[in-house]
Amino acid sequence: MARVLHRAPMQIAERVAKHIPAASFVAKVDVARPGYVNFTLAEDWVASQVPAILAAGETWGNQTLGNNARVQVEFVSANPTGPITIGSARNAVIGDVLASVLEAAGYAVQREYYVNDAGSKVRHFGGSILSRYGDLFNVDIPFPENGYPAPYVTDLAQLVKERFGSAYLDKEREVAVRELGHWGIKQVLHGVEDDLKQLGVHFDNWFSERSLYESGLFDQMMAQLSEGGYVVKYDDATWFRHEDLEKDAVLIRSPQVIPDPEGRPTYLASDMPYLWNKLVVRGFDRAIYIWGADHHGDVPRVQAGAKALGLDVDRLVFIIYQMVTLMRGGEVIRMSKSSGEFVTLRELVDEVGADPIRFNMLTRTVDVTLDFDLDLAVEQSDRNPVFYVQYAHTRIAGVLRHAREQGWDTEAGGDASLLTHPSEQALIRKMLVLPELIAMAATNLAPHHLTTYARELASAFHAFYRDCRIVSDDAADAELSAARLMLARAAKSVLARVLHLMGTSTPDRM
RNA sequence: GCCCCGGUAGCUCAAUUGGAUAGAGCAAGUGCCUUCUAAGCACAAGGUUAGAGGUUCAAGUCCUCUCCGGGGUACCA
C-alpha cells in the first residue's frame, strides 16, 4: 500500500487505525512500527467467553469449514503377512489424528485400512506356513525363496495343525499354499486390529484388494485405460503408459515375472481400480493416502492413473511422512518382516504405553525423520511431554475434588467478569485459540500442531495455578473463587478436548 | 546420475505458510513445597537458522548453486 499511496507505512497504519469502528470486543487499536495495526481484545469480552467455552464442552473448537465434505483417510495398510511393527506406529497415529482433526473441522471422515490380500506376498506367506506345517509332520516341504522365517509363522502352522489336522498334506500344493495364505492373513488381521486398538486406533472399514479383482472393477478399468490408449502390450506383458510418468511405462501384468496361478497382476495395477472405487464408486470428495517416504515414488503413478481415468488429480492427497529410525541404546535397529527382525507394535505399547507413543509420534512434522530410542522411551516415560499436559488436567481434577470437599458446588458457575488477572486472561485467550488451531491443522493437514498447542495450554494453566489461588478460605473471596472454579473447569474441558483429539487419555489422578 | 524430505541453542524439535525481539522440552545453573498434586513454577544461560549469492518494505520460510544426512530410483511388495 505504501507504494501505491506514496505514503509511509506508519502514516497509512495510523489512518486505518483511526477509521476502525468501535466494537465491544476491542479495547483499543494502536499502531506499531513498521506499520502494524494492533487490536487489543477487551478484558471483559475475553472473560465473558468462559461460560461459552464451558457450554460447548467437547464441541469447543469445532469448525464448519469442511461443509460435511466426504473425506477418506486411508492409513497403516501394512501387509497382512505379519504383526504390525513399530514402523507402522507413526503412520497409524498421523492418520488417526488427522482424521479426528478433519472431523472437528466439519468433514465427514472415514478411516480405512487397505488390505493387501492379492499379491505374490500372499503366496509366499502361504508357502511359508505350509513349509512349517510340513515340519510338524516331518514332511519336507521347501521353504519359499521370499518366505517369512519369523517365529509367528511357525505358530500359525501349529494352529493349522490343531484346527485341521493333516488335511493340508493331502491337498495339491498350489491349492494348499493359496488357502493357507488367505487363512493366515485372516488370522494376522485379527491380531493387527487388536494391536491397533491397544494404540487407540480403530478403522471404519477394512478394504480388500482382492475384491477389486473379484468384482470385475480391475477388468473394467483396464478396458477403460485401453480405450484411452494407456495400455501397451509388449511380449506377453501388459504395461500402463502415461506421458506424466518419468519412466516409459509401469508393468501391470506379466506371466513370466508373476507366475501367479491365479493370474494376478502386480500390486501396482490395483491402485487404479482402488482410486476409482474411492472417488467414483463410493464418491468421496477427497481421498487422503498416508504413506511412508519409502513409497514416495509411487505417487506419480497413482496420479497418472487418476488422470488417465479422467479424474481430478487434486482429489487425491498424499501425505508422505519420513521414516522412523528405531534405536536401542543408541544403536540403530534394522527391521523387516521378511527377515524376521522386528519389534512389534504390541511389544512397544506393552512396554511404553499408548499415550507416550502417540504424543511422541505427533510432536514432529511429517517432514522430519524420527529417531525412536526404545531404551530412552522407557526411561524417560516419566518426563514425557504428554504427562506434562495430562498433569495439568489431573491438577484441575484435584482442585475440583478439593473444592467439593470444602463444600463448593463446582457446577454452580460464577461471575466471569471477575477474571481480570493477567494469568486468567492469558489462559482464556489460549483457550480461545483452539478453533483457529483446528482450522489451521485441518487446512494444512498437519496434526502435529495439536501437541504444541496442548503444551502451551497446559503451561498457561500452570501459570494461572501459581498466580491465582482458586479455592479460597476467605469468605470475602467467595465470588472470586466461584469464578475461578468455573475457569478451572473450562480449562479442564479444553485440555480434555485436545487430549481426545490426539487420542490420548485424560487421567483425573496420576 | 536423477527425484523427494531434512540441516534452527550442547541434544530432540517448534515457528500460525513472507511479518514484529526465532520459541519449547531434555541436559547443565540459581531459587521456590506448614496453604487447591513440585509429573509444577520463576529467574538466568544458551543462535551468523549448514554455507554462498539473489528476490523485497520485510527471508528460518521463496529462487539458484555448494556441502552434509535420510528415503526413492526393480519385470519385489
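Residues numbered from 1 in each chain as written. Chains lettered and ligands numbered in written order. Predicted model: local features only at pLDDT ≥ 70, side-chain atom pairs only at ≥ 80, totals over all residues. Heavy atoms only, no water.

*Asks:* Which residues make up the sheet that holds strand 11 (residues 324-328), and what values do they have?
*Replies:* Pairing is mixed in the open sheet, where three strands are placed in the order 12-11-13. This sheet does not close on itself; its edge strands, each paired only once, are strand 12 (331-332) and strand 13 (370-373). With two bridges connecting them, strand 11 and strand 12 associate as antiparallel partners. Bridge assignment links M327 to a residue of strand 12, and that residue is V332. (Pairing = 2+ DSSP bridges. Helix = DSSP H or I, 4+ residues; strand = E, 2+ residues; numbered from the N terminus.)

*Asks:* So what's going on with the sheet that holds strand 6 (residues 231-234)? Residues and values would help.
*Replies:* Within a sheet, neighbouring strands are paired by backbone hydrogen bonds and run either parallel or antiparallel to one another. What the three strands build is an open sheet, ordered 6-7-8; its pairing is antiparallel. Because the sheet does not close on itself, it has two edges, and the strands there are strand 6 and strand 8 (249-253). Strand after strand, the sheet turns through a mean of 35° between neighbouring axes, direction not considered. In the sheet, strand 7 (residues 237-241) pairs with strand 8 via four bridges, with the strands oriented antiparallel. In the strand pairing of strand 8, R241 is matched with A249. (Axes fitted to C-alpha atoms, helices over the stretch in contact; angles between N-to-C directions.)

*Asks:* I'd like to hear about helix 8 (residues 173-198), residue by residue, with values.
*Replies:* Three- or four-residue spacings in an α-helix give side chains the same orientation, since the helix completes a turn every 3.6 residues. Over its 26 residues, helix 8 runs 37 Å from end to end, which matches the ideal 38 Å to within 8%, given 1.5 Å per residue. Looking one or two residues beyond helix 8, the residue adopting positive phi is G200, at roughly 85°. (Expected span 1.5 Å × (residues − 1).)

*Asks:* Describe the pairing of strand 2 (residues 36-41), and please don't skip the residues or the numbers.
*Replies:* Across six bridges, the pairing between strand 1 (residues 26-32) and strand 2 is antiparallel. The partner of V31 across the bridge, within strand 2, is V37. Linking strand 1 to strand 2, which pair antiparallel, is a turn of three residues.

*Asks:* Break down the packing of aromatic side chains for me, with residues and values.
*Replies:* For any pair of aromatic rings, geometry is given as the distance between the ring centres together with the angle between the planes. Following the criterion strictly, the structure yields 20 aromatic pairs and no others. With a centroid separation of 3.9 Å and 10° between ring planes, the pair formed by Y114 and Y274 is classed as stacked. Linking Y114 in strand 4 (residues 108-115) with Y274 in helix 11 (residues 271-281), this pair joins segments that are 160 residues apart in sequence. Like Y274, Y114 is buried. Judged by centre distance (6.4 Å) and plane angle (40°), the rings of Y230 and F240 are tilted. Here Y230 is found in the loop between helix 10 (217-227) and strand 6, whereas its partner F240 is found in strand 7, with ten residues between them in sequence. One exposure class covers both Y230 and F240, and it is buried. Site record: aromatic cluster; members linked through ring pairs are Y133, F137, F164, Y168 and W183. Just above the ring of F137 sits the side chain of K161; from NZ or CZ to the centre is 5.2 Å. If you follow K171 out to its NZ or CZ, it ends over the ring of Y168, 4.9 Å from the centre. (Phe/Tyr/Trp six-rings, centres within 6.5 Å; stacked < 30°, edge-to-face > 60°. Buried < 20%, exposed > 50% of the residue type's maximum accessible area, 1.4 Å probe, protein only. Lys NZ or Arg CZ within 6 Å of the ring centre and 35° of its normal.)

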